[in-house]
Amino acid sequence: MSSLEIVQLEPFAEVAGNTYRFGYRTVGVSDYVSAVELPTQIVEQTVLKRASVTVRIGPDGTVISHMLPSNAANTIPDPPTDVVALDVLVRRALNTENLRMEEATVSDLNTLLQRLEGSVSLVKEAISQISSEPITPVQMTEISSSPPPC
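So, here is what we can say about the structure in this document. The shown structure was predicted, so the numbers you read here are calculated from the model rather than taken from an experiment.

About the criteria used
Residues numbered from 1 in each chain as written. Predicted model: local features only at pLDDT ≥ 70, side-chain atom pairs only at ≥ 80, totals over all residues. Heavy atoms only, no water. Helix = DSSP H or I, 4+ residues; strand = E, 2+ residues; numbered from the N terminus. Buried < 20%, exposed > 50% of the residue type's maximum accessible area, 1.4 Å probe, protein only. Contact = heavy atoms within 4.5 Å. Areas by Shrake-Rupley, 256 points an atom, 1.4 Å probe, with all protein chains shown as cover. Phe/Tyr/Trp six-rings, centres within 6.5 Å; stacked < 30°, edge-to-face > 60°. Polar contact = N/O pair within 3.5 Å; in protein donor to acceptor, adjacent residues only side chain to side chain. Pairing = 2+ DSSP bridges. Salt bridge = Lys/Arg side-chain N within 4 Å of Asp/Glu carboxyl O. Axes fitted to C-alpha atoms, helices over the stretch in contact; angles between N-to-C directions.

**Things to note about the overall build of the protein chain**
- For the protein chain, the count of helices and strands is five helices and six strands.
- Seen in sequence order, the protein chain has helices and strands lined up from the N terminus as β-β-β-α-β-β-β-α-α-α-α.
- With 150 residues in all, the protein chain has 13% of them scored as buried.
- Expressed as a percentage of contacts within the protein chain between residues at least 6 apart in sequence, the contacts between residues at least 24 apart total 10%.
- With the model as given, the accessible surface of the protein chain reaches about 12400 Å², and the carbon-plus-sulfur share is 58%.

So this is what it looks like as structure tokens:
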């Protein structure tokens, strides 16, 4: 009679070139017992189709984005996917190469300017609501010379 050997398996997922490999391997051994390979594009499209991205702006002008899976309702969100200062995003958008690639028009830039001016008015109103101190004007050199927070 032969004795039965118990093998403990663990699931794994790994990137293998242009594919994702999912399967099971023996605990403590790198060789897999069974595996399925799927093209990276299929896996990533499936994940993204079932996910949503939320973006918010913090009170200090930091833009914070989170990627949430579709079943993430009522769960604690993962750490932010990306955190960038608002002025950094504007600087990137107005980069000469980006303006050329986006085929930006004067009308587009005027619309951006109107939105930014409206945003500045909202920030000034919020400051006046929570403080009796005067609003300190910011010089453009202060913004452009400060290192981007992240």
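Having seen the structure, we can now continue with the description.
**Looking at the packing of aromatic side chains**
- If you walk through the whole model with that rule in mind, you get one aromatic pair.
- The interplanar angle of 20° and the centroid separation of 6.3 Å between the aromatic rings of Tyr 20 and Phe 22 together place this pair among those described as stacked.
- Exposure remark for Phe 22: the relative accessible area of 31% places this residue in the partly exposed category.

**A short note on the side chain of Thr 62**
- With respect to the element layout, Thr 62 can be found in strand β5 (residues 62-69).
- Engagement of the side chain of Thr 62 in a polar contact is seen with the side chain of Asp 60, the distance being 2.8 Å.
- Not counting residues up to four positions away in its chain, the partners in contact with Thr 62 are Arg 56, Ile 57, Val 83, Val 84 and Ala 85.

**Some details on the pairing of strand β3 (residues 32-39)**
- When strand β2 (residues 19-26) meets β3, the two strands line up antiparallel, connected through seven bridges. Within β3, the residue paired with Phe 22 across the bridge is Val 36.
- Count of turn residues in the β2/β3 antiparallel hairpin: five residues, of which Gly 28 carries a positive phi of about 85°.

**Digging into the pattern of salt bridges**
- Counted by the stated rule, this structure contains six salt bridges.
- The salt bridge involving Glu 97 is made with Arg 100; its shortest N-O contact spans 2.5 Å. Here the residue Glu 97 and the residue Arg 100 both occupy positions in helix α3 (residues 96-101), the gap between them amounting to three residues, near one helical turn.
- Overlapping salt bridges bring together Glu 10, Glu 14, Arg 21, Arg 25 and Glu 37 as one network.

**Quick notes on the sheet that holds strand β6 (residues 82-85)**
- If you trace the three strands from one edge of the open sheet to the other, you get β4-β5-β6, paired in antiparallel fashion. With one partner strand each, in any of the chains shown, β4 (51-57) and β6 form the two edges of the open sheet. For this sheet the average axis-to-axis angle between neighbouring strands, irrespective of direction, equals 20°.
- Strand direction decides the pairing type here: β4 and β5, joined by seven bridges, are antiparallel. Its bridge partner being in β5, Val 55 is matched across the sheet by Ser 65.
- Relative to the sheet, helix α2 (residues 86-93) contacts β5 and β6, its axis offset from that of β6 by approximately 80°.

**Quick look at the sheet that holds β2**
- Pairing is antiparallel across the open sheet formed by three strands, whose spatial order is β1-β2-β3. Both edges of this open sheet fall to β1 (9-16) and β3, since each of them pairs with a single strand only. Across the sheet, the axes of successive neighbouring strands diverge by a mean angle of 20°, strand direction being ignored.
- Relative to β2, β1 runs antiparallel, the two sharing eight bridges. Note on β2: the bridge partner recorded for Glu 14 is Arg 21.
- Packing of helix α1 (residues 40-49) onto the sheet brings it into contact with β2 and β3, and relative to β3 it is tilted by some 75°.

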